[in-house]
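Single-letter residue listing:
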Amino acid sequence: ETGVTQSPTHLIKTRGQQVTLRCSSQSGHNTVSWYQQALGQGPQFIFQYYREEENGRGNFPPRFSGLQFPNYSSELNVNALELDDSALYLCASSAGQGASYEQYFGPGTRLTVT
Amino acid sequence: AQSVSQHNHHVILSEAASLELGCNYSYGGTVNLFWYVQYPGQHLQLLLKYFSGDPLVKGIKGFEAEFIKSKFSFNLRKPSVQWSDTAEYFCAVRTYGQNFVFGPGTRLSVLP
């Protein structure tokens, strides 16, 4: 059974640029959640996708957007990057959208905005 | 809005010492509570969770947590820590129809 994978591992972008981060969910999982973890802080919920539809969103501006594909993999897109977007971006997949379904986290993508 | 606080930013213990990490949340309704752990170089993983029933829940690796509704707390405990418990520990809360809210984390360093 393959776990949650994310790509790339590290990324350096310039302020104002756009970035796409990718996540492959664990086999059998139809729900993907994205989190931003700034240095020294806990993960902050960005949004969740369930069966290709956005199913909940945290307090993030519209320049954070996402997609989920028919195979349940997902992308996180961030436009007009700001210095404060520098963080570890975590993807978590689960077998359903409710809290009773355990979330399995990927290793994260470290984004640095200069 | 919900919030989660964790009492200690960094805890340093010697092996065999007892551990208690504090977690408080700010929501008066029904909550689902979680502790996650992140070992150095590894993914976040679930340590234990509470949904309902017995307020004392047991998790992996000898950890347990107690839900005290009147104190809005969900403290993590372990009677005797090992060097391998060195990690970052996160408390998280989810209420009905809401999303996960994580605390800021507590870094645990266990000295051999």
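Residues numbered from 1 in each chain as written. Chains lettered and ligands numbered in written order. Predicted model: local features only at pLDDT ≥ 70, side-chain atom pairs only at ≥ 80, totals over all residues. Heavy atoms only, no water.

This brings us to the overall build of chain B. Of regular secondary structure, chain B possesses zero helices and 12 strands. Its C-alpha radius of gyration of 13 Å places chain B within 12% of the 13 Å reference for a compact globule of 112 residues. Each principal axis of the C-alpha atoms in chain B carries an extent, and together these give about 40 × 25 × 20 Å. Residue pairs in contact within chain B that sit at least 24 positions apart in sequence constitute 55% of those at least 6 positions apart. Split by element, the accessible area of chain B, about 5,500 Å² in all, is 53% carbon and sulfur. Chain B carries 9 positive and 7 negative side-chain charges, and their two centres are separated by 7 Å. (Helix = DSSP H or I, 4+ residues; strand = E, 2+ residues; numbered from the N terminus. Rg over C-alpha atoms; globule rule 2.2 N^0.38 Å. Contact = heavy atoms within 4.5 Å. Areas by Shrake-Rupley, 256 points an atom, 1.4 Å probe, with all protein chains shown as cover. Lys, Arg positive; Asp, Glu negative; His and termini not counted. Charge placed at Lys NZ, Arg CZ, Asp CG, Glu CD.)

Time to look at the pattern of salt bridges. What the rule picks out here adds up to eight salt bridges over all chains. Between A:Arg22 and A:Glu75 there is a salt bridge, with the nearest N and O atoms lying 3.5 Å from each other. Within this pair, whereas A:Arg22 is found in strand β3 (residues 19-24), its partner A:Glu75 is found in strand β8 (residues 74-78), the two being separated by 53 residues in sequence. A residue is classified by how much of its surface remains accessible, and A:Arg22, at 42% relative accessible area, is partly exposed. B:Asp85 is the salt-bridge partner of B:Lys78, the closest N and O atoms lying 2.9 Å from each other. B:Asp85 carries the same exposure label as B:Lys78, and that label is buried. The structure contains a network of salt bridges with shared partners spanning B:Lys58, B:Glu64, B:Glu66 and B:Arg77. (Salt bridge = Lys/Arg side-chain N within 4 Å of Asp/Glu carboxyl O. Buried < 20%, exposed > 50% of the residue type's maximum accessible area, 1.4 Å probe, protein only.)

What follows concerns the interface of chain A and chain B. Facing the 20 residues of chain A at the interface are 16 residues of chain B. Here chain A and chain B share an interface that buries about 1,500 Å² over both sides, 56% of which is from carbon and sulfur atoms. On the chain A side of the interface with chain B, the three residues burying the most area are A:Pro43, A:Ala99 and A:Phe105, jointly 35% of the side's total. Remark: the boundary between chain A and chain B carries zero salt bridges. (Buried area = accessible area lost by both parts, 1.4 Å probe.)

Turning our eyes to something else, we now look at the pairing of strand β5 (residues 44-50) of chain A. All names here are of chain A. Most of β5 sits out of view: five of its seven residues are buried. In this sheet, β5 lies alongside strand β4 (residues 31-37) in antiparallel orientation, the contact comprising six bridges. Residue pairing in the sheet places Ser33 in a bridge with Gln48 of β5. Where β5 and strand β6 (residues 53-57) come together, three bridges link them in antiparallel fashion. The residue of β6 that forms the bridge with Tyr50 is Glu53. The turn linking β5 back onto β6 is made up of two residues, and Arg51 within it adopts a positive phi angle of 50°. (Pairing = 2+ DSSP bridges.)

On to the pairing of strand β12 (residues 106-111) of chain B, then. Pairing analysis gives five bridges linking strand β2 (residues 10-14) of chain B to β12(B), with the strands arranged parallel. Paired with B:His10 across the strands is B:Arg107, a residue of β12(B).

Residue placement: B:Gly59 occurs in the loop between β7 (56-58) and β8 (64-68). If we skip the residues at most four places from it in the chain, B:Gly59 touches B:Leu47 and B:Leu48.

Time to look at the packing of aromatic side chains. Enumeration over the complete set of coordinates arrives at 16 aromatic pairs over all chains. When the centroid spacing of 4.7 Å and the interplanar angle of 35° are considered together, the rings of B:Tyr50 and B:Phe67 count as tilted. Of the two residues, B:Tyr50 sits in strand β6 (residues 44-50) while B:Phe67 sits in strand β8, which places them 17 residues apart along the sequence. The same class applies to B:Tyr50 as to B:Phe67, namely buried. Ring geometry for B:Phe63 and B:Tyr89: centres 5.6 Å apart, planes at 45°, overall tilted. In this pair, B:Phe63 is assigned in the loop between β7 and β8 and B:Tyr89 in strand β10 (residues 87-95), connecting sequence segments 26 residues apart. Comparing B:Phe63 with B:Tyr89, the two get one shared label, buried. The structure contains a cluster of three or more aromatic residues connected by ring pairs, namely A:Tyr35, A:Phe45, A:Phe105, B:Phe34, B:Tyr36, B:Phe51, B:Phe100 and B:Phe102. (Phe/Tyr/Trp six-rings, centres within 6.5 Å; stacked < 30°, edge-to-face > 60°.)

Turning to the state of the cysteines, a few remarks are in order. Here a disulfide denotes one covalent bond, and it connects the sulfur atoms of two cysteines. Residue and element names in this part refer to chain A. What the rule picks out here adds up to two disulfides over all chains. Note on cysteine connectivity: Cys23 is disulfide-linked to Cys91, with sulfurs 1.7 Å apart. The disulfide joining Cys23 to Cys91 has a torsion of about -50° about its S-S bond and is therefore left-handed. Here Cys23, found in strand β3, pairs with Cys91, found in strand β9 (residues 87-94); they are 68 residues apart in sequence, far enough to count as distant. Note on Cys23: relative accessible area 2%, which makes it buried. Owing to a relative accessible area of 0%, Cys91 belongs among the buried residues under this scheme. (Disulfide = S-S within 2.5 Å.)

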